[in-house]
Amino acid sequence: MFNKIMTPVDLAHLTEQRAALEHAAALAKLYGATVVYVGVSTNIPSAMAHTPAEFKDKLNSFATEQAKLHGVTTEADAEFSHDPRTDLDDCLVEAAVKTNADMIVMQSHMPKALDFFWPSNGSKVAEHAKCSVTLVRS
Amino acid sequence: MSEETPDTGIPQPEGNADLIDTDYEIGQDNIETQIGPFGLDIHNPVFLISGMAIVAFVFYALALPEQSGELFSWLFSSVTKGFDWFFIGSANIFVLFCLLLIVLPVGSVRLGGSEATPDYGYIGWFAMLFAAGMGIGLMFYGVSEPMSHFASSLGGTASEGGVRTDWAPLGGAAGDNEAATRLAFAATIYHWGLHPWAIYAVVALALALFSYNKGLPLTIRSAFYPILGERIWGWPGHIIDILAVFATLFGLATSLGFGATQANAGLNELFGVPIGATTEVILITLITAVALISVIRGLDGGVKVLSEINMGLAFLLLIFVLIAGPTAAILTGFVDYLGAYLQYLPALSNPVGREDVNFSQGWTSFYWAWWISWSPFVGMFIARVSRGRTVREFIICVLLIPSLVCVLWMSVFGGVAIQQVVQDGYTAAQNAPLELKLFKMLDALPLTQITSLIGIVLVIVFFVTSSDSGSLVIDTITAGGKVDAPVPQRVFWCIFEGAVAIVLLLSVGGLQSLQSMVISTGLPFTVVLLIMCWAIFKGLLAEKS
C-alpha cells in the first residue's frame, strides 16, 4: 500500500521523536516500504553541523543506523532553508513530492489553545501535503 | 534514544574552504526551556544581560532624564568632536581596504566554499541590502541633505576668533549657485556613497567569512577568532555580543520613535491627522504589528517580500520624480555630481587640519559614528543573505552598486528640490522642517496626493523592514548564533523593540539622549572594525592558500 514513508527528523531532538520514528519503521516493515528521513537545516553553521556537508553526513549516518536498528531500508534527504523555523512546513511538503513519499509520519504535540493562532508543523503539513499524513502525538 | 553519529571531522562547506578547528559546539552555552506554551533556546549570559541592561538603561533615562540627557549628550559631543580625525581616517581605510579586495587575488574566494552557489538572486539581495541598510535615511535625507549643504555653501564662510562658525563644507561657494550645488552634492554623496557602504561591507564580510568558510556561529564574536582565539567563547565574546545587541536594539528603538514622529508629520500634512503622542504610539504599534507578521513569516516569506515591495515602490517614485521634474537637468546633474564627488573627495575625506569644523564634526563625524554604530546590525543581516558570492562580487555589489543608487537617488530628489529653489523660486521645501521636506518637494510636482501617499507608505514600510531584520539579528546573537531558535524569541525582540520605542517616545528627551548614547558606541566599534580588516585579510589569505 505504501512504498515510501517520509519521516522528518530533528537530529538535535531525537528523544522527543522516538514514537514517530518507531511508528514509521513499523509501518515500513508492514508494507515493505523504504523510510526516507528528511532533515531541514540551514547553510549557516548550526548546533548540529558546521557545514551543509556535515549535516548531510550526519543525516546519512542516522539513516544507516536506523536501517540496522529496525531492519528496514532507509534513505536520507537533507533540505536547506534560509530560515528553517518558519520554512519548515513548506520544506517538508516539497520534500514529500521530491522523494515520492506516499505517507508522511511525523511527531507532533497534543492540541493546545495556542495552536488556534499558531498551528503546529504537523497540522500544516497535514493540511498541505498531497499524500497521507500520520501525526504521532505525545 | 541516543543516536549519536560518529565524529569523523568536519567536512568542507561546499568545495574548498579553510575551516577553523575548534572544540566549541554551537549552542553549548544555550538554555533550552519552556515558558508556558513557548519554547526558548537562548544564550545564557548574552540574552539575560542584554535584556536586563536595556531595561536598566531605559529606567535610568526615564528616572533621571536631565542627568542622563546631559551625560549622553556630553558623551556624544566628546566622541564626534574629539575623535573626528579618527572616524574620518578610519572610514578612508575601510574604503581603501574594500577597493583593494576587489583587485587582489583573494577577491576570488567564495563565501561558503569554492563550490557554493548564491542563496539569493540579485533583485532580492539588493532589496534586502537597501531595506536594512539605509532605505529610511534616503527618504528623509534625499531632499534635506543636499539642500542643507547647498544653503550653507551658498552662504559662504564666517569665523569668530579664528574658528569657522558656518556649516559650509570645505571653503563653501559664496553666492555661486552652480558651485554651491556641486559642492552640496559632493558632500552628500560622500556621506551616502562609498564610505558608509564600506563600513557595512567590512562587518558583513568578516561575519560571512568566519561563519560560512570557517564554520563558526553567525554572531559578532566570531569575527574576533583570529585575535582572541578560543577566548571568544568566554566573557570577551559575551561582551562583544551584548554590545552589539545593545547598539542594535537602541538604534532601532530610537529610530522607530523618531520615524513615528516623522510619519506623523507627513500624515498631518497630507490628511490632517493630529500630531501628538497618541498618533505616534498608534504608528509604532502598527509598524511593530506588521514587523511581527513579517518575522513570523520568516526571512523569505516576510522580510524579503516586504523589501522587494518597498524597492519597487521606491523605484516607481524615483522614476516619477525623474520624469515629472527637469529630466535632462537631473540626468546631466547625475554625471556632473559624480565628477564633483571625485573632485572634492580628497579634501572632504582629509582627516586632519580641517577648517570646516562644523561640517566635518557635525556632519561627517556624526554620520560615520552613526553608520558604525549600526554596522553590527546591518553587517550581520547582509552576511546572512550573502552566502555563495565571491569576495570580489560581494564588495562590488555591497559597495559600488548601492553607492551609485544612492547617488542617483540624491541627484533626483535633491536635484529637483534645488532646481525648484534656483529656477522657480519655490522655497517651500527649503524652509520646511526635516520631516516635511520630501512632501513639500512633491507638492510642486503633479499627482501630489498619490506620490505623497507612496512616500508615507515607503517611510512606514522601510521602518518595518528595519524592525523585522533587526529582530532577526538580535534573536540570532542572543541565541548564540543559532538561526533556528524558536520563533517566539524573535517575536519577543520585535515587541520589546516597539515597547522600548513607545516608552522613550513618551518620556521627555528619552529618544534624543539614548540615540546620542547609541551613536557614541561608534567609537569602540571603529576600533573593532579596524581589527576586523586585519582578521578578514588573514582569513582570506588562509582560504587562498
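For the structure itself, look to the data block above.
Residues numbered from 1 in each chain as written. Chains lettered and ligands numbered in written order. Predicted model: local features only at pLDDT ≥ 70, side-chain atom pairs only at ≥ 80, totals over all residues. Heavy atoms only, no water.

### Comments concerning the overall build of chain B
Here is step 1 of the chain: Across its full length, chain B holds 19 helices and 4 strands.
Here is step 2 of the chain: Oriented by its inertia axes, the alpha-carbon framework of chain B measures out at about 80 × 55 × 50 Å.
Here is step 3 of the chain: Here chain B, with 545 residues, has 61% of them falling under the buried criterion.
Here is step 4 of the chain: Restricting to contacts in chain B with at least 6 residues of sequence separation, those with at least 24 account for 81%.
Here is step 5 of the chain: When the accessible area of chain B is evaluated, it comes to approximately 19100 Å², of which 66% is carbon and sulfur surface.
Here is step 6 of the chain: Separation between the mean location of the 20 positive side-chain charges and that of the 39 negative ones in chain B comes to 5 Å. (Helix = DSSP H or I, 4+ residues; strand = E, 2+ residues; numbered from the N terminus. Buried < 20%, exposed > 50% of the residue type's maximum accessible area, 1.4 Å probe, protein only. Contact = heavy atoms within 4.5 Å. Areas by Shrake-Rupley, 256 points an atom, 1.4 Å probe, with all protein chains shown as cover. Lys, Arg positive; Asp, Glu negative; His and termini not counted. Charge placed at Lys NZ, Arg CZ, Asp CG, Glu CD.)

### Regarding the side chain of A:T34
Residues and elements named next belong to chain A.
Here is step 1 of the chain: Summarising the element assignment, T34 is placed in strand β2 (residues 34-41).
Here is step 2 of the chain: A residue is classified by how much of its surface remains accessible, and T34, at 17% relative accessible area, is buried.
Here is step 3 of the chain: Of note is the side chain of T34, whose polar atom sits 3.1 Å from the side chain of T73.
Here is step 4 of the chain: In contact with T34, other than residues within four places in its own chain, are N3, K4, I5, T73, T74 and E75. (Polar contact = N/O pair within 3.5 Å; in protein donor to acceptor, adjacent residues only side chain to side chain.)

### What about the environment of B:Y60?
All names here are of chain B.
Here is step 1 of the chain: Residue placement: Y60 occurs in helix α1 (residues 44-63).
Here is step 2 of the chain: In the structure, Y60 is positioned 450 residues away from G510 in sequence and 9.7 Å away in space, judged by C-alpha atoms.
Here is step 3 of the chain: Within the structure, the side chain of Y60 is placed 3.5 Å from the side chain of Q67, a separation counted as a polar contact.

### Quick notes on the interface of chain A and chain B
Here is step 1 of the chain: Every contact between the two is made by 31 residues of chain A and, on the other side, 42 residues of chain B.
Here is step 2 of the chain: In this assembly, chain A packs against chain B so that about 3100 Å² is buried in total across both faces, 60% of it on carbon and sulfur atoms.
Here is step 3 of the chain: Summed over the shared surface of chain A and chain B, the number is 2 salt bridges.
Here is step 4 of the chain: At the junction of chain A and chain B, the tally comes to 10 residue pairs in polar contact (both at pLDDT 80 or more). (Buried area = accessible area lost by both parts, 1.4 Å probe. Salt bridge = Lys/Arg side-chain N within 4 Å of Asp/Glu carboxyl O.)

### Considerations on a negative patch on the surface
Here is step 1 of the chain: Among the surface-exposed residues, B:D21, B:D23, B:E25 and B:E230 lie close enough to one another that they form a single negatively charged patch.
Here is step 2 of the chain: In this structure, B:D23 sits in the segment before β1 (30-35). (Patch = residues over 30% accessible without salt bridge, like charges linked within 9 Å, V, L, I, M, F, W, Y side chains within 5 Å.)

### Topic: a nonpolar patch on the surface
Residue and element names in this part refer to chain B.
Here is step 1 of the chain: Judged by side-chain polarity, L48, I49, M52, W235, I239 and L243 come together as a nonpolar surface patch covering roughly 570 Å² of accessible area.
Here is step 2 of the chain: Taken together, the elements giving at least two residues each to the nonpolar patch come down to α1 and α9 (235-271).
Here is step 3 of the chain: By the secondary structure assignment, I239 is in helix α9.
Here is step 4 of the chain: On the basis of relative accessible area, I239 is assigned to the partly exposed category, the value being 48%.

### Let's talk about the sheet that holds strand β1 (residues 4-8) of chain A
Residue and element names in this part refer to chain A.
Here is step 1 of the chain: The strand order across the open sheet built from 5 strands is β3-β2-β1-β4-β5, with neighbouring strands paired in parallel fashion. Only two strands of the sheet have a single partner each, and these edge strands are β3 (73-80) and β5 (132-137). On average, each strand axis in the sheet is tilted by 25° relative to the strand beside it, whichever way the strands run.
Here is step 2 of the chain: Summarising the sheet, β1 and strand β4 (residues 103-108) pair through 2 bridges and their orientation is parallel. Across the sheet, I5 pairs through a bridge with M103, a residue of β4.
Here is step 3 of the chain: Set on the sheet, helix α1 (residues 18-31) makes contact with β1, β2, β4 and β5; between it and β4 the angle comes to about 160°.
Here is step 4 of the chain: Running over the sheet, helix α4 (residues 121-128) touches β4 and β5 and is turned about 160° from β4. (Pairing = 2+ DSSP bridges. Axes fitted to C-alpha atoms, helices over the stretch in contact; angles between N-to-C directions.)

### Details of the packing of aromatic side chains
Think of a pair of aromatic rings as described by two things: how far the centres are apart, and how the planes are tilted against each other in angle.
Residues and elements named next belong to chain B.
Here is step 1 of the chain: Applying the stated criterion across every chain, the model contains 35 aromatic pairs over all chains.
Here is step 2 of the chain: Arranged with centres 5.8 Å apart and planes meeting at 40°, the rings of Y141 and W192 form a pair that is tilted. Separated by 51 residues along the polypeptide, Y141 in helix α5 (residues 135-155) and W192 in helix α6 (residues 177-192) bring together distant segments of the chain. Take Y141 and W192: they sit in the same class, and that class is buried.
Here is step 3 of the chain: Ring centres of Y141 and W370 lie 6.2 Å apart, and the angle between their planes is 70°; on these two criteria the pair is classed as edge-to-face. In this pair, Y141 is assigned in helix α5 and W370 in helix α12 (residues 357-384), connecting sequence segments 229 residues apart. One exposure class covers both Y141 and W370, and it is buried.
Here is step 4 of the chain: Among the aromatic side chains, those forming a connected cluster through ring pairs are F76, Y141, W192, W197, Y200, W363, F366, Y367, W370 and W371.
Here is step 5 of the chain: The aromatic ring of Y212 is capped on one face by R387, whose charged end is 5.8 Å from the ring centroid. (Phe/Tyr/Trp six-rings, centres within 6.5 Å; stacked < 30°, edge-to-face > 60°. Lys NZ or Arg CZ within 6 Å of the ring centre and 35° of its normal.)

### Digging into the pattern of salt bridges
Oppositely charged side chains can pair when the atoms bearing their charge come close.
Here is step 1 of the chain: The tally for this structure, following the rule as stated, stands at 16 salt bridges over all chains.
Here is step 2 of the chain: Of the charged contacts in the structure, one is a salt bridge between B:R384 and A:D83, with a shortest N-O distance of 3.9 Å. Here B:R384 is found in helix α12, whereas its partner A:D83 is found in the loop between β3 and α3 (84-98) on a different chain. Accessibility assignment for this pair places B:R384 and A:D83 in one class, buried.
Here is step 3 of the chain: A salt bridge links B:R164 to B:D166; its shortest N-O distance comes to 2.6 Å.
Here is step 4 of the chain: Residue class for B:R164 comes out buried when judged on its relative accessible area of 11%.

### Focus on the pairing of strand β2 (residues 38-43) of chain B
Here is step 1 of the chain: β2(B) sits mainly inside the fold: 5 of its 6 residues count as buried.
Here is step 2 of the chain: Linking two consecutive strands that pair antiparallel, namely β1(B) and β2(B), is a turn of 2 residues; a positive phi of about 60° is found at B:G36 within it.

### Here's the deal with the pairing of β3(A)
Residue and element names in this part refer to chain A.
Here is step 1 of the chain: Where β2 meets β3, 8 bridges bridge the pair, whose relative direction is parallel. In the strand pairing of β3, V40 is matched with E79.
Here is step 2 of the chain: This β-α-β element, β2 to helix α2 (residues 52-70) to β3, shows right-handed connectivity. (Right-handed = clockwise from strand over helix to strand, strands pointing away.)

### Notes on the side chain of B:T521
Residue and element names in this part refer to chain B.
Here is step 1 of the chain: Of note, T521 is situated in the loop between α18 (510-520) and α19 (522-544).
Here is step 2 of the chain: Using a relative accessible area of 11% as the deciding quantity, one classes T521 as buried.
Here is step 3 of the chain: Once residues within four sequence positions are removed from consideration, T521 is found in contact with A247 and S373.

### So, α12(B)
Here is step 1 of the chain: With 28 residues, α12(B) extends 38 Å from end C-alpha to end C-alpha; this agrees with the ideal 40 Å at 1.5 Å per step.
Here is step 2 of the chain: Of all the bends in α12(B), the largest measures some 55° and sits at B:S375, one to four residues before the proline B:P376. (Expected span 1.5 Å × (residues − 1). Bend = angle between axes of the 7 residues up to and from the residue.)

### Regarding the packing of helix α3 (residues 84-103) of chain B against helix α13 (residues 391-422) of chain B
For any two helices packed against each other, the geometry comes down to the angle between their axes and how far apart the axes lie.
All names here are of chain B.
Here is step 1 of the chain: Two elements in contact, α3 and α13, have axes separated by 8 Å at closest approach and are oriented at 140°. Taken together, the axis directions place α3 and α13 in an arrangement best described as oblique. Both α3 and α13 take part in a crossing whose hand is left-handed. Where α3 abuts α13, its residues C98, L99, L101, I102 and V103 lie against V391, R392, I395, I396, L399 and L400.
Here is step 2 of the chain: Partitioned by chemical class, the residues of the contact of α3 with α13 number 10 nonpolar, no polar and 1 charged. (Parallel < 35°, antiparallel > 145°, perpendicular 65-115°, else oblique. Left-handed = near helix turned anticlockwise from the far one by under 90°. Nonpolar A, V, L, I, M, F, W, Y, C, P; charged D, E, K, R; others polar.)

Remember that the coordinates give geometry; whether it matters functionally is a separate question.
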